[in-house]
Amino acid sequence: MATPLTAARLVAALKAEGCAVHEVAGWRTNNRNHKGPWGPVHGVVIHHTVTGPGTDVVRLIFNGHSALPGPLATGCITKDGVVHLTGNGRANHAGGGDGDVLNAVIGESYGTYPPPTHEHDGSAGAVDGNARFYGWECENKGDGKDPWPPAQYLAMVKATAAICRAHGWGPKSAIGHLEWSDWKVDPRGFDMAGFRRDVADALAHPAGRWEGEDPMPQYVNLGVAAQYRLAPGAWDSVEFTAEWTDETGDHASGGSVFARGPARFSGTLGLYIDGLPAGAVVQARMSEYEGDQHRADHPIHEIVGTGGGSFAVLPVTKRIASGRGMRVRLLNQAAVPVTVASAVLTVLVWKET
């Protein structure tokens, strides 16, 4: 149980934790306190906004919409990692939820997850969460595919840790909306148990000292949709025409670039070359481009023909600078064309700022 932070104390706590803070004009008097109590407060609820490009998401969270007046949260954390403060007091974000969950949060008495919720806004046993929780609305489509950029995720952890530190709470005072209401699914795209572990790590450091431990690598899994012929004698970029997962959004449809800087990545490329004569060689290397301009090459790996199908798993691990894209290129050194029967790229990408 705690008295809500004043606007000044909240701003100070966020800045001390290392958050980039934007105070939206009017946020200090923007609240729904006339509809009910604000406090005592017990924790922080994490949401996703269900918005995409073109939405003025900060203004939406500040004002609300025709069906639900704003503010819709204490703040909106955008993909660039900025914490936009939109409300100071009661906000329309949590709605009704489960009293057993509230008690578990108050006591920080649960294990990996709070007890299952069986209540929602308007249900007979629902408890008013708007009175009891701060809320962070975090910019994301909410489809489970829209990535959470590292800068945004770090800001979400730091902003949550800032409130917990100011109140003397531990990480179990942070819950997802889906853990409060059985009608809700947010946030999608990461696990709240892992999020709480990162909040715990932040709280274990002095305020402002935690920078994360590569918390959210993004997964990229690309391939070629159909086999193709590789003629002898010239370097040729692999065009990844099959896209299973592209969390970074760096791969254009059917394009060759699989990662763009600034970033680090680590993974493998599995190749199956058919028709490569025994002892003949296909070379593979990573190459950096700025747009369509070739800028740099990395060490060569060789696939030696076996007389039948030739297979290789090549490491793709590197750092790439801002403004550059990474491709994989192949050079057929045999005297005859060969067939690239399969190429499967699987990498984890850590975006840098």
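Residues numbered from 1 in each chain as written. Predicted model: local features only at pLDDT ≥ 70, side-chain atom pairs only at ≥ 80, totals over all residues. Heavy atoms only, no water.

Draft legend 1. Focus on the overall build of the protein chain. Broken down by element type, the protein chain carries 6 helices and 22 strands. Judged by the C-alpha coordinates and their principal axes, the protein chain covers about 80 × 40 × 35 Å. Here the protein chain holds 353 residues, and the buried ones make up 53% of them. Taking all contacts inside the protein chain whose residues are at least 6 apart in sequence as the whole, residues at least 24 apart take part in 77%. Here the protein chain has roughly 14900 Å² of accessible surface; of this, 50% comes from carbon and sulfur atoms. Across the protein chain, the mean location of the 30 positive side-chain charges is 5 Å away from that of the 36 negative side-chain charges. (Helix = DSSP H or I, 4+ residues; strand = E, 2+ residues; numbered from the N terminus. Buried < 20%, exposed > 50% of the residue type's maximum accessible area, 1.4 Å probe, protein only. Contact = heavy atoms within 4.5 Å. Areas by Shrake-Rupley, 256 points an atom, 1.4 Å probe, with all protein chains shown as cover. Lys, Arg positive; Asp, Glu negative; His and termini not counted. Charge placed at Lys NZ, Arg CZ, Asp CG, Glu CD.)

Draft legend 2. Broad picture of the packing of helix H1 (residues 7–16) against helix H4 (residues 150–167). Where H1 meets H4, the closest approach of the two axes is 8 Å, and the angle between their N-to-C directions is 120°. The orientation of H1 relative to H4 falls into the category oblique. The two elements H1 and H4 cross, and the hand of that crossing is right-handed. Of the residues in H4, those in contact with Arg-9, Leu-10, Ala-13 and Leu-14 of H1 are Ala-159, Ala-162, Ile-163 and Ala-166. (Axes fitted to C-alpha atoms, helices over the stretch in contact; angles between N-to-C directions. Parallel < 35°, antiparallel > 145°, perpendicular 65-115°, else oblique. Left-handed = near helix turned anticlockwise from the far one by under 90°.)

Draft legend 3. Expanded view of the sheet that holds strand E6 (residues 82–85). Spatial strand order, E1-E6-E5-E9-E2-E10: 6 strands in an open sheet with mixed pairing. Looking along the sheet, the strands with just one partner apiece sit at the ends: strand E1 (20–23) and strand E10 (174–176). Each strand axis lies, on average, 25° off the axis of its neighbour in the sheet, ignoring direction. In the sheet, E1 pairs with E6 via 4 bridges, with the strands oriented parallel. (Pairing = 2+ DSSP bridges.)

Draft legend 4. Inspection of the environment of Leu-203 at higher detail. Considering the arrangement of structural elements, one finds Leu-203 in helix H6 (residues 192–204). Along the backbone, Leu-203 and Cys-164 are 39 residues apart, and their C-alpha atoms lie at a distance of 8.2 Å. When neighbours within four sequence positions are excluded, Leu-203 is seen to be in contact with Ala-161, Cys-164, Arg-165, Trp-169, Gly-170 and Pro-171.

Draft legend 5. Highlighting unusual backbone geometry. In this structure, the amide linkage connecting Asp-186 to the following residue, Pro-187, adopts the cis form with an omega of 0°. Counting through the fold element by element, Pro-187 comes out in the loop between helix H5 (177–180) and H6. At Val-50, a position not held by glycine, the phi torsion is positive, near 60°. With respect to the helices and strands, Val-50 occurs in the loop between strand E2 (43–48) and helix H2 (57–63). The phi angle at Glu-108 is positive, at roughly 45°, despite the residue not being glycine. With respect to the secondary-structure elements, Glu-108 resides in the loop between helix H3 (99–107) and strand E8 (127–128).

Draft legend 6. Broad picture of H1. All of the buried residues along H1 are Ala-7, Leu-10, Val-11, Ala-13 and Leu-14. Along H1, the residues classed as buried sweep out an arc of 165° about the axis, all on the same side. For H1, the secondary structure elements touched by its buried residues are E1, E6, strand E9 (133–138) and H4. Just beyond H1, the residue with positive phi is Gly-18, at close to 95°. (Arc of directions from axis to C-beta.)

Draft legend 7. A look at the pattern of salt bridges. Taken as a whole and judged by the stated rule, the model has 13 salt bridges. The closest approach of N and O atoms between Arg-324 and Glu-290, which form a salt bridge, is 3.1 Å. With Arg-324 in the loop between strand E20 (310–320) and strand E21 (325–332) and Glu-290 in strand E17 (residues 281–290), this residue pair connects regions lying 34 residues apart in the sequence. Classification of Glu-290 as partly exposed rests on a relative accessible area of 33%. In this structure, Asp-297 and Arg-329 form a salt bridge, with 3.0 Å as the shortest nitrogen-oxygen distance. Taken as a pair, Asp-297 in strand E18 (residues 293–297) and Arg-329 in strand E21 lie far apart in primary sequence, 32 residues in all. A residue is classified by how much of its surface remains accessible, and Arg-329, at 9% relative accessible area, is buried. It is possible to trace a salt-bridge network through shared partners that takes in Glu-288, Glu-290, Arg-295 and Arg-324. (Salt bridge = Lys/Arg side-chain N within 4 Å of Asp/Glu carboxyl O.)

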